[in-house]
Amino acid sequence: MCERGDPGRPHGPTALAGLCVVEFGSWGVLYYTLPVIGTTITTSTSWSPPAVPAIYTATLLTAAASGSWAGRMVDKHGPRPVMAGGSALGAAALALSGATSSIVLFTAAWLVIGVAQACTLYQPAFAAAARWFGTTSNRPLTIITLAGGISSTVFAPVIAALAKGLGWQITLVLLACGYFAVVSSATVLLLRLPWQSPTRQGRDHTMFVNQIVRSRVFRDTRLALALVALGLYAVTLNMVPLLTELGFDYGAAALVFGLIGAGQILGRLLFLPLGRRGTPRSRTVVQVTASATVIGLLAVLSSPLVLVAAVAVLAGAVRGAHTLSAATALTDRWGTDSFATIQGRFNVPVAGAMAIGPAVGAYAALLLDSYRAAAGLLACLSLTAIWIARRT
């Protein structure tokens, strides 16, 4: 007999495959499309150059703010209706953004896509994996994040080619149709495992969640991971201007930037055998220390290119492990009951830090007149996260 938490139970592999399809498609279409197509949109419209990056940041902040609500919905109704509804909503909003030339409607559509991201990206998928497959193995979470991680490699060139050949508006509409056909169908047809609502309901549920989220361990762990997320995303997503400032040509800088994505996959693969060693506190300290270290290295290294590239891969690996570290820090301490709600509360500042990271990095570089100096400042900020993590 297969019990809850057994990935070998009937429909278990099917459900895991469904989660992978949802993450692959949702990251590829809802998350990566605008950064890839943004320049094409700007050159094809009369919109100011900062408009699309600002809209994208607002989309990510909307996703972060919606995370707590999405978590409650997953706990209450299960991942299947939440992810199905989120994917349908995202497809509709994406189609609207391609059907309009109004920046107001385009912005509104992408804010709706932010809500769809909260319903379809890692947060509900992790909650589903924790409840369906248990927490004794990192394998399901790692497989899910690998599906999400490789999506940019597949989708970025496809989206770029479509935009070049068909224009950005037709591209967005086509992506919306394909996303709805594949991802929405996957949520309905493949995510068929039964869902058990939290054992605590009503006031008991609220008191249980509040007891956890108000604890010092929860708040300190969240703050430490948010601080290093800010540094990691601020520095790595500004890697191209950082390296060109150091004298490397654009091609070399772009190559190093691409290696960060490869590093993320490496980090998630390494997390599979290492992610259960030590205590939740020690793993958080290691994650935060590794993050601060790579940010500091990127701030001080200036040559040779091969060494800078190696550190960029390491930074990508640390960033890739960060996603898994945040999820397991919760389940290892407080289990899976009400996990989606608790994760939603945990993830708001962490996701918010990731969203504003690129803008913070660019603005700090503007104030200090140096991307390298900005990286050094963010490394110092990350050092405080080590002290905070050690208190958890």
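In short, a report on the structure. Counting restarts for each chain: residues are numbered from 1 in the order of the written sequence. Reporting in this predicted model follows two pLDDT cut-offs: at least 70 for local features of residues, and 80 or more for side-chain atom pairs to be given and counted; totals over whole chains, interfaces and linings ignore these cut-offs and use all residues. The side-chain quantities take in all heavy atoms of the structure and omit both hydrogens and water.

Now for the packing of helix H11 (residues 216-236) against helix H17 (residues 371-390). Whenever a helix is involved, its axis is fitted only over the stretch in contact; in every case the axis is a line through C-alpha atoms, and angles between N-to-C directions fall within 0 to 180 degrees. Working definition: helices are DSSP H or I runs of at least four residues, strands are E runs of at least two. Numbering for both runs from the N terminus. Viewed as axis vectors pointing N to C, H11 and H17 meet at an angle of 160 degrees, and their least axial separation amounts to 9 Å. Taken together, the axis directions place H11 and H17 in an arrangement best described as roughly antiparallel. Every pair of crossing elements has a handedness; the one defined by H11 and H17 is left-handed. Between H11 and H17, the contacting residues are Asp220, Leu223, Ala224, Leu227, Val228, Leu230, Gly231, Ala234 and Val235 on the first element and Ala375, Leu378, Leu381, Ser382, Thr384, Ala385, Ile388 and Ala389 on the second. Roughly parallel here means an angle under 35 degrees, roughly antiparallel means over 145, roughly perpendicular means 65 to 115, and every remaining angle is called oblique. Crossings are assigned a handedness: left-handed for a near helix turned anticlockwise from the far helix by less than a right angle, right-handed for a clockwise turn. By the convention used here, residues are in contact when the closest approach between their heavy atoms is within 4.5 Å.

This part is about the environment of Leu89. Inspection of the secondary structure puts Leu89 in helix H4 (residues 79-99). Partly exposed describes any residue whose relative accessible area lies between the buried limit of under 20% and the exposed limit of over 50%, with all areas from a 1.4 Å probe on protein chains only and scaled to the type maximum. Residue classification places Leu89 among the partly exposed residues on the basis of a relative accessible area of 36%. Leu89 sits 198 residues away from Gln287 along the chain, and the two C-alpha atoms are 35 Å apart. Leaving out residues up to four positions away in the same chain, Leu89 has contacts with Val112, Val115 and Ala116.

The next thing to look at is helix H6 (residues 122-133). The end-to-end C-alpha separation of H6 is 15 Å, in line with the 16 Å expected for twelve residues at 1.5 Å each. Extensive coverage of H6 is indicated by the burial of twelve of its twelve residues. Along H6, the positions that sit buried rather than exposed are Tyr122, Gln123, Pro124, Ala125, Phe126, Ala127, Ala128, Ala129, Ala130, Arg131, Trp132 and Phe133. With its phi angle positive at about 80 degrees, Gly134 sits one or two positions after the end of H6. Helix span is expected to be 1.5 Å times the residue number reduced by one.

Two rings from Phe, Tyr or Trp (for Trp, the six-membered ring) form a pair when their centres are within 6.5 Å of each other. A pair whose planes differ by under 30 degrees is stacked, one over 60 is edge-to-face, and the rest are tilted. Going through the model one piece at a time under the given rule, you end up with 15 aromatic pairs. An angle of 80 degrees between the planes, with centres 5.0 Å apart, marks the rings of Tyr31 and Tyr32 as edge-to-face. Among the residues examined, Tyr31 registers a relative accessible area of 17% and is labelled buried. Over the face of the ring belonging to Trp195 we find Arg131, whose NZ or CZ atom lies 5.1 Å from the ring centre. Look at NZ for Lys and CZ for Arg. If either is within 6 Å of the ring centre and within 35 degrees of the ring normal, a charge sits over the ring. In this arrangement the basic side chain of Arg391 is found over the ring face of Trp387, its NZ or CZ atom lying 4.8 Å from the centre.

Candidates for patches are residues over 30% relative accessible area with no salt bridge; among them, like charges are joined within 9 Å and nonpolar side chains (Val, Leu, Ile, Met, Phe, Trp, Tyr) within 5 Å. Note on areas: Shrake-Rupley, 1.4 Å probe, and residue coverage restricted to the protein chains presented here. For this analysis, a salt bridge means a side-chain nitrogen from Lys or Arg found within 4 Å of a carboxyl oxygen belonging to Asp or Glu. A surface patch of nonpolar side chains, amounting to about 560 Å² of accessible area, comprises Tyr363, Leu366, Leu367, Leu368 and Leu377. For the nonpolar patch, the leading source of residues is helix H16 (residues 339-368), giving four residues. For Leu368, the position within the fold is in helix H16. Leu368 sits in the partly exposed class, given a relative accessible area of 43%.

This part takes up the packing of H11 against helix H14 (residues 280-300). Where H11 meets H14, the axes come as close as 10 Å, and the angle between the chain directions of the two elements is 25 degrees. The orientation of H11 relative to H14 falls into the category roughly parallel. By crossing handedness, the relation of H11 to H14 is classed as left-handed. Contacts between H11 and H14 involve Thr221, Ala224, Leu225, Val228, Gly231, Leu232 and Val235 on the former and, on the latter, Thr284, Gln287, Val288, Ser291, Val294, Ile295 and Leu298. Of the residues assigned to the contact of H11 with H14, the class counts are nine nonpolar, five polar and no charged. Nonpolar residues are Ala, Val, Leu, Ile, Met, Phe, Trp, Tyr, Cys and Pro. Charged residues are Asp, Glu, Lys and Arg, and all others, Gly as well, are polar.

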